[in-house]
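Commentary on secondary and tertiary structure
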Amino acid sequence: MKIGNVTFDNIVFLAPMAGITDKPFRKICREFGAGMVYSEMISAKGLHYNDKKTEELMDISGEMPCAIQIFGSDPDIMAEVIPKVMEHKPDIIDINMGCPAPKIVNNGDGSALMKSPELMGKIMRAVSDVSPVPVTAKIRKGWDGDVSLECAKILGENGASAIAVHGRTREQFYSGKADWEIIKKIKNELSIPIIGNGDIWTAQDAADMISYTHCDAVMVARGAQGNPWIFTQINEVLNGSDITTVPSPKERLSVALDHITRLVDEKGELRGIKEARKHIAWYIKGLKGSSAIKTEIFKISDFATMQNTLSDYIDNF
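All of the points below concern the structure found in this document.

**Remarks on the overall build of the chain**
Scanning the chain from N- to C-terminus turns up 15 helices and 11 strands. Rg of the C-alpha trace for the chain: 19 Å, near the compact-globule value of 20 Å for 317 residues, within the 12% margin. Its C-alpha atoms give the chain principal-axis dimensions of about 55 × 45 × 35 Å. Here the chain holds 317 residues, and the buried ones make up 58% of them. Summed over all atoms, the accessible surface of the chain reaches about 13,400 Å², with 48% contributed by carbon and sulfur. Side chains of the chain carry 37 positive and 42 negative charges; the gap between the two charge centres is 3 Å.

Here it is as structure tokens:
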């Protein structure tokens, strides 16, 4: 599969998720077979005003292929920051037009853009005209109804090299069932690659989405939280094999411990441990005694204690 001039080893991508898809998690998912990873979403206005924290989110060294995702609603600012984005050498620039978070949509960004398809087209045209790499977009079904095909067509006409489609409206957030029918409809109408997103929890879900919608790639979001093995499993199924990658509790906990170590190395002990807590909760979900250990983990603030606690827990399996 290709997006513009970028070729991928496989068609299973890690979705961009704010506060989740940081460098340590992206690298782990790549090691388990993600064909492409995305940065957390990055504010174009933050780059415009030279915000240091915003700049730090663009460190994607050693992760290729990787897309940097930006968000905003001012076409001029979106285009202006592209040279800053390109300093980090992304393979693709992705525009977030689907985030449902109130703090994003209240500024007219993210999925709020789907109320203004014409503005979506202007943003895509402004960015694609100045970007030296392919520009893609991630959209939803709509704000409170289905306008996805109209929006997708406008994006395609204005330079989008691919579109990721999440089959929920903004009003749904992450509730209910993702509508795969809209992915199928958009794929049937557009010639550019379409990436399906929504309700991929298992390898079979990914295979079913591709079979039903004929999308060119799948994008895994919440299904990858605490479960990077899903990329290996999906690739096994898509390659016509049985699933042989089924991590034992010890293997899950070993990767969780590795994840914590990477977070601390990347972000320092205080911040790294704080951010590790949610990931550990996902890794241990469903394991024996997970409720008690989760309560304990959320009280820990230093690496040594976290390492010892998790190591002791591993010994129970």
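Having seen the structure, we can now continue with the description.
**Comments concerning the side chain of Lys23**
With respect to the helices and strands, the residue Lys23 is situated in helix 1 (residues 23-31). Its relative accessible area of 10% is what places Lys23 among the buried residues. In terms of polar contacts, Lys23 uses its side chain to reach the side chain of Glu63, at 2.9 Å. The residues contacting Lys23, other than those within four sequence positions of it, are Asp59, Ile60, Ser61, Glu63 and Glu266.

**Some details on the environment of Ala292**
Within the element layout of this structure, Ala292 appears in helix 14 (residues 290-297). Classification of Ala292 by relative accessible area gives exposed; the value is 55%. C-alpha of Ala292 to C-alpha of Ala203: the two residues are 89 residues apart in sequence and 30 Å apart in space.

**Regarding the packing of aromatic side chains**
Tallied over the full model, the rule gives four aromatic pairs. Note on Tyr313 and Phe317: the rings are 5.2 Å apart at their centroids and 85° apart in plane angle, and the pair reads as edge-to-face. A residue is classified by how much of its surface remains accessible, and Phe317, at 26% relative accessible area, is partly exposed. Three or more aromatic residues joined by ring pairs make a cluster, and in this case those are Phe32, Trp229 and Tyr283.

**Things to note about helix 8 (residues 148-157)**
Looking at helix 8, one finds that the buried residues are Ser148, Leu149, Cys151, Ala152, Ile154 and Leu155. Against strand 7 (92-97), helix 7 (117-130), strand 8 (135-142), strand 9 (162-169) and helix 9 (180-189) lie the buried residues of helix 8.

**A few points about the pattern of salt bridges**
A full pass over the atoms with the stated rule returns 16 salt bridges. Close ionic contact of Lys122 with Glu118 constitutes a salt bridge, the shortest N to O distance being 4.0 Å. Note that Lys122 and Glu118 are positioned in helix 7 at a spacing of four residues, about one turn of the helix. With a shortest N-O distance of 2.5 Å, Glu275 and Lys267 are connected by a salt bridge.

**Some details on the nonpolar core**
Counting residues in each nonpolar core, the largest one holds 62 residues, and the members touching the most others are Ile70, Ile95, Met97, Ile139, Leu155, Ile163 and Phe231. The contact partners of Ile95, leaving out residues within four places of it in the chain, are Gln69, Ile70, Met78, Ile123, Met124, Val127, Val135, Thr136, Ala137 and Lys138. Of all hydrophobic cores here, the second largest spans 24 residues; its members include Ile260, Ala276, Ile297 and Met306.

Calculation rules
- Here the residue numbering is sequential within each chain, running from 1 through the sequence in written order.
- The model is predicted, so local features are restricted to residues of pLDDT at least 70 and side-chain atom pairs to those at 80 or more, both for listing and for counting; the totals for chains, interfaces and linings are taken over all residues.
- Values reported for side chains reflect all heavy atoms of the structure, with hydrogen atoms and water molecules removed beforehand.
- Counting from the N terminus, the helices are the DSSP runs of H or I reaching at least four residues and the strands are the DSSP runs of E reaching at least two.
- Using C-alpha atoms as the atom set, the radius of gyration is obtained and then compared with a globule rule of 2.2 Å times the number of residues to the power 0.38.
- Only protein chains enter the calculation, and the probe is 1.4 Å; a residue is then buried if its accessible area is under 20% of its type maximum, exposed if over 50%, and partly exposed in between.
- Here the accessible surface of atoms and residues is derived via Shrake-Rupley with a 1.4 Å probe, and residues count as covered only by protein chains that are part of the display.
- In this charge count, Lys and Arg are treated as positive and Asp and Glu as negative; neither His nor the chain ends contribute.
- Here the site of a charge means atom NZ of a Lys, CZ of an Arg, CG of an Asp or CD of a Glu.
- Two N or O atoms form a polar contact when they lie within 3.5 Å of each other; inside protein one atom must be a possible hydrogen donor and the other a possible acceptor, and for residues adjacent in sequence the pair counts only when both atoms belong to side chains.
- We call two residues in contact when some of their heavy atoms are within 4.5 Å.
- Note on aromatic pairs: the rings of Phe, Tyr and Trp (six-membered ring only in Trp) are paired at centre separations within 6.5 Å, and the planes decide the class, stacked below 30 degrees, edge-to-face beyond 60, tilted for the rest.
- The salt bridge definition used is simple: a Lys or Arg side-chain nitrogen within 4 Å of an Asp or Glu carboxyl oxygen.
- What is meant by a nonpolar core is a set of buried Ala, Val, Leu, Ile, Met, Phe, Trp, Tyr and Cys residues, joined one to another through side-chain atoms within 4.5 Å.

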